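# Results of the structural survey
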Amino acid sequence: MRRGWRRGRAPARIAPEQTIAAVREVSVDLGGTPVLDHVSLEVRTGEVLALVGPNGAGKSTLLGVLTGDVSAASGVVEMCGRAVHEWSHVEAGMRRSVLLQQVTLSFPFTVAEVVAMGRAPWANTPMEDDDEKAIAAAMTATDVEGFETRRFNSLSGGERARVALARVLAQATQLILLDEPTAALDLHHQELVLAVARDRAAAGDAVVVVLHDLNLAAAHADRVAVLARGRVVDVGPPDLVFTPELLSEVYTHDVEVIAHPAGAAPIILPRRARR
Amino acid sequence: MNVTSSPRTGELTSDDTRAAAPAATRPVPPPPSSRRTRGAFLLMGLGVALVAVTVVAAGRGQMAIPPAEVAGSIAHRLDSGLEWVLGRVGVTVDLPLDIGPLPAHVQGENTLWLVRFPRVVLAMLVGAALATAGALMQGTFGNPLAEPAIVGVSPGAAVGASLVFVTGTSALGEWTVPVAAFSTGLIATLLVYFLSRSGGRTEVVTLILTGVAVTAVAFAIVAFATFVATPEAREQIVFWQLGSLNGARWVAVAAVVPFVVVGLVAAGWLARPLDLLSLGDRAARHLGVHVERVRIVAIVAVALLVGAGVAFAGVIGFVGLVVPHLVRMVIGPGHRMLLPASALGGAVLLVTADLVARTAMTHADLPIGMLTALVGGPFFFWLLRRTRSRAGGWG
């Protein structure tokens with residue numbers, strides 16, 4: 001586009017293991033119902049932070065608060081050293097990318113066009129030169145190369161989910177927020193997506209991911225935050241947080257945590273009656 | 001992540017082969033240029049079609065003028081016009097543009113330049129305005145069935161026009177109806193927008209439903225005006241709502257041009273954000289789009305485009321709905337191509353429709369709104385069926 005006129009610069013990278021985003025004492029009411037109740041949580045660069053908890057625990061709302069979509073009734077929400085609402089839309093788009101639970105597209109754009117949309121915040125900046133590289137890398141990472149000319153709406157659910165993730169990765173932000181990125185995926189692609197998340201964390205990004213599969217969280221997250229009824233019940237490394245007592249109480253269902261025979265992440269299973 | 005399900009048409013065989021392939025970064029694949037190439041061809045094709053249909057339309061009527069003479073007349077005017085402009089800046093040249101035959105009939109030149117061309121150019125402008133406005137509406141609401149009427153421009157304009165006819169006022173001379181129609185159209189649109197806004201945000205569904213409510217009230221006022229009007233005024237109200245380019249003059253063209261230009265410039269600014277808006281409001285915001293700003297700019301642009309068109313031509317439906325869809329089928333949904341191609345397509349369509357309106361029956365000027373609705377209605381139905389069979393309903 002207009003290459004002569006360029007606005008903005010790339011935001012400075014935040015050093016590893018520093019706080020990139022944080023909520024402090026945040027409460028949210030939606031239609032009079034308290035959804036988050038004095039929640040505090042820090043997101044650090046270089047880590048994969050998994051948000052887990054039963055349905056209606058407030059995971060997606062917490063993610064919405066971090067993006068600035070949901071306004072907190074009280075408390076402080078920070079991103080990259082400022083209150084989240086102080087960033088303009090474009091500035092925020094250069095700093096954090098978001099994958100929503102619902103991926104929809106109203107018009108029949110091709111996969112290549114959808115992934116390229118992820119580069120929108122960098123239009124008219126010097127980083128525009130990286131567009132092709134970022135798009136190609138994102139499509140390789142999510143295993144959707146070769147889909148370029150196909151229409152997004154003609155893809156299967158799992159394929160769409162990966163294309164949507166490719167769009168998020170192409171945005172190349174240091175903070176990445178993923179709301180249930182694995183829900184529609186097969187076993188192979190679930191592992192692939194979380195491996196991508198870990199690669200990004202290893203490269204110094206911060207990844208917050210909402211997960212329902214506790215085994216995925218235990219295997220791939222550096223820290224997990226367990227939410228229940230709008231509160232953070234516990235935060236920390238999965239092997240410390242995922243205890244049978246805590247999980248059984250949070251999910252109101254007996255949960256077993258079994259040590260993996262080969263020393264990998266523990267196996268978490270709901271206790272079931274013998275058949 | 002829940003992905004809205006739809007019948008899977010693509011094959012899923014690639015997974016297995018891909019998993020075995022090395023995961024190394026491949027060379028950057030060439031961008032899918034087919035849509036862009038097709039877009040360029042479509043723009044060129046529509047440009048040529050517009051010139052052709054203009055020359056033909058200007059030649060047809062009670063006094064037939066062959067296309068060669070029409071083209072010759074344009075060439076001569078262009079030649080003398082350019083020479084005059086160059087003369088003003090001190091360059092005296094004899095440009096070789098005065099080619100082709102001039103109209104053979106004594107009144108030919110006058111008919112062309114005082115009657116036909118103003119009407120053809122106004123049709124062009126109104127068509128471009130309506131089609132662009134339709135593309136903007138569909139993009140802004142992420143709804144392929146949106147059209148300018150949903151934000152109340154035309155119903156609002158009908159209120160102004162019918163009140164002028166009923167009261168018989170002529171405060172602004174011949175400009176009374178256009179000014180009244182334009183103002184009430186704009187007021188109705190802003191009313192829809194601000195009534196549907198809450199907490200700094202507008203929800204699409206709320207906005208569409210507010211549009212329905214405002215439109216209902218507008219039609220009630222028009223109905224009341226029709227009821228109390230004298231037979232003569234009643235006739236004016238009815239015919240105004242059917243739309244016509246009858247009696248178009250250069251002053252009307254000059255009045256419409258600035259609004260259309262402003263609207264088209266705004267459309268150009270909106271092209272990129274509208275692409276992103278197809279991901280939904282939230283995802284677009286995450287990509288740096290100021291969704292509310294885009295929406296208000298789009299709505300004002302639509303009000304200006306449609307308001308200006310409706311003010312001089314009355315209500316002309318379905319152009320805004322049909323043209324963007326046809327264009328999208330050919331070159332895809334990218335707004336950077338869709339908007340200019342829709343403008344050209346709308347111009348071609350309305351010049352053609354107006355040609356039919358005034359030549360289909362001798363000594364009669366058919367209402368152009370009737371013609372566009374006659375073609376647009378069945379098309380709308382077909383679109384509905386097609387979308388339904390593809391996406392499995394609207395739920």
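None of these values were measured; they are calculated from a predicted model.

What follows is about the packing of aromatic side chains. Any aromatic ring pair is given by two values, namely how distant the centres are and how the planes are angled relative to each other. According to the stated counting rule, one finds four aromatic pairs over all chains in the structure shown. Look at B:Trp175 and B:Phe312: their rings are 5.8 Å apart centre to centre, the planes differ by 90°, and that puts the pair in the edge-to-face class. Here the residue B:Trp175 occupies a position in the loop between helix 5 (153–167) and helix 6 (176–196), and B:Phe312 occupies one in helix 11 (residues 291–313), the gap between them amounting to 137 residues. Taking the relative accessible area as the measure of exposure, B:Trp175 reaches 30% and is therefore partly exposed. According to the relative accessible area criterion, B:Phe312 is partly exposed, its value standing at 23%. With a centroid separation of 5.2 Å and an interplanar angle of 80°, the aromatic rings of B:Tyr193 and B:Phe194 are classed as edge-to-face. For B:Tyr193, a relative accessible area of 2% corresponds to the buried category. On the accessibility criterion, B:Phe194 (53% relative accessible area) is exposed. Here the guanidinium or amino end of A:Arg82 rests over the ring plane of A:Trp87, the centre of that ring lying 4.0 Å away. The ring of A:Phe147 has A:Arg150 sitting right over it, with the charged end atom 5.0 Å from the ring centre.

Here we come to the confidence of the model for chain B. All names here are of chain B. Averaged over all residues, the pLDDT of chain B equals 84, while 89% of them reach at least 70. Between residues 1–32, whose pLDDT stays under 50, and residues either more than four places distant or in other chains, the model counts 51 contacts. The complex model carries a pTM of 0.86, and its ipTM stands at 0.93.

Residues and elements named next belong to chain A. Although it is not a glycine, alanine 172 adopts a positive phi angle of roughly 50°. Residue classification places alanine 172 among the partly exposed positions, given a relative accessible area of 35%. Backbone geometry at threonine 252 places phi at a positive 45°, although glycine is not the residue there.

Residues and elements named next belong to chain A. Spatial strand order, 2-1-4-5: four strands in an open sheet with antiparallel pairing. Only two strands of the sheet have a single partner each, and these edge strands are strand 2 (33–44) and strand 5 (82–83). Contacting strand 1 (19–30), strand 2 and strand 4 (74–79), helix 1 (residues 59–67) runs over the sheet at an angle of about 120° to strand 1.

Formed by 181 residues in total, the largest nonpolar core has its most connected members in A:Val23, A:Val43, A:Leu51, A:Leu175, A:Phe242, B:Leu136 and B:Trp240. Ranked by the residues each element gives to this core, the list is headed by helix 4 (residues 108–141) of chain B, at 14 residues. B:Ala58, B:Met63, B:Ile65 and B:Phe117 belong to the second largest nonpolar core, which has eight residues in total.

This next bit is on the pairing of strand 10 (residues 231–236) of chain A. Residues and elements named next belong to chain A. Summarising the sheet, strand 9 (residues 223–228) and strand 10 pair through five bridges and their orientation is antiparallel. Residue alanine 225 lies in a different strand from strand 10, and its bridge partner there is valine 235. Linking two consecutive strands that pair antiparallel, namely strand 9 and strand 10, is a turn of two residues; a positive phi of about 50° is found at arginine 229 within it.

What counts as what
Residues numbered from 1 in each chain as written. Chains lettered and ligands numbered in written order. Predicted model: local features only at pLDDT ≥ 70, side-chain atom pairs only at ≥ 80, totals over all residues. Heavy atoms only, no water. Phe/Tyr/Trp six-rings, centres within 6.5 Å; stacked < 30°, edge-to-face > 60°. Helix = DSSP H or I, 4+ residues; strand = E, 2+ residues; numbered from the N terminus. Buried < 20%, exposed > 50% of the residue type's maximum accessible area, 1.4 Å probe, protein only. Lys NZ or Arg CZ within 6 Å of the ring centre and 35° of its normal. pLDDT = per-residue confidence, 0-100. Contact = heavy atoms within 4.5 Å. Pairing = 2+ DSSP bridges. Axes fitted to C-alpha atoms, helices over the stretch in contact; angles between N-to-C directions. Core = buried A, V, L, I, M, F, W, Y, C linked by side-chain atoms within 4.5 Å.

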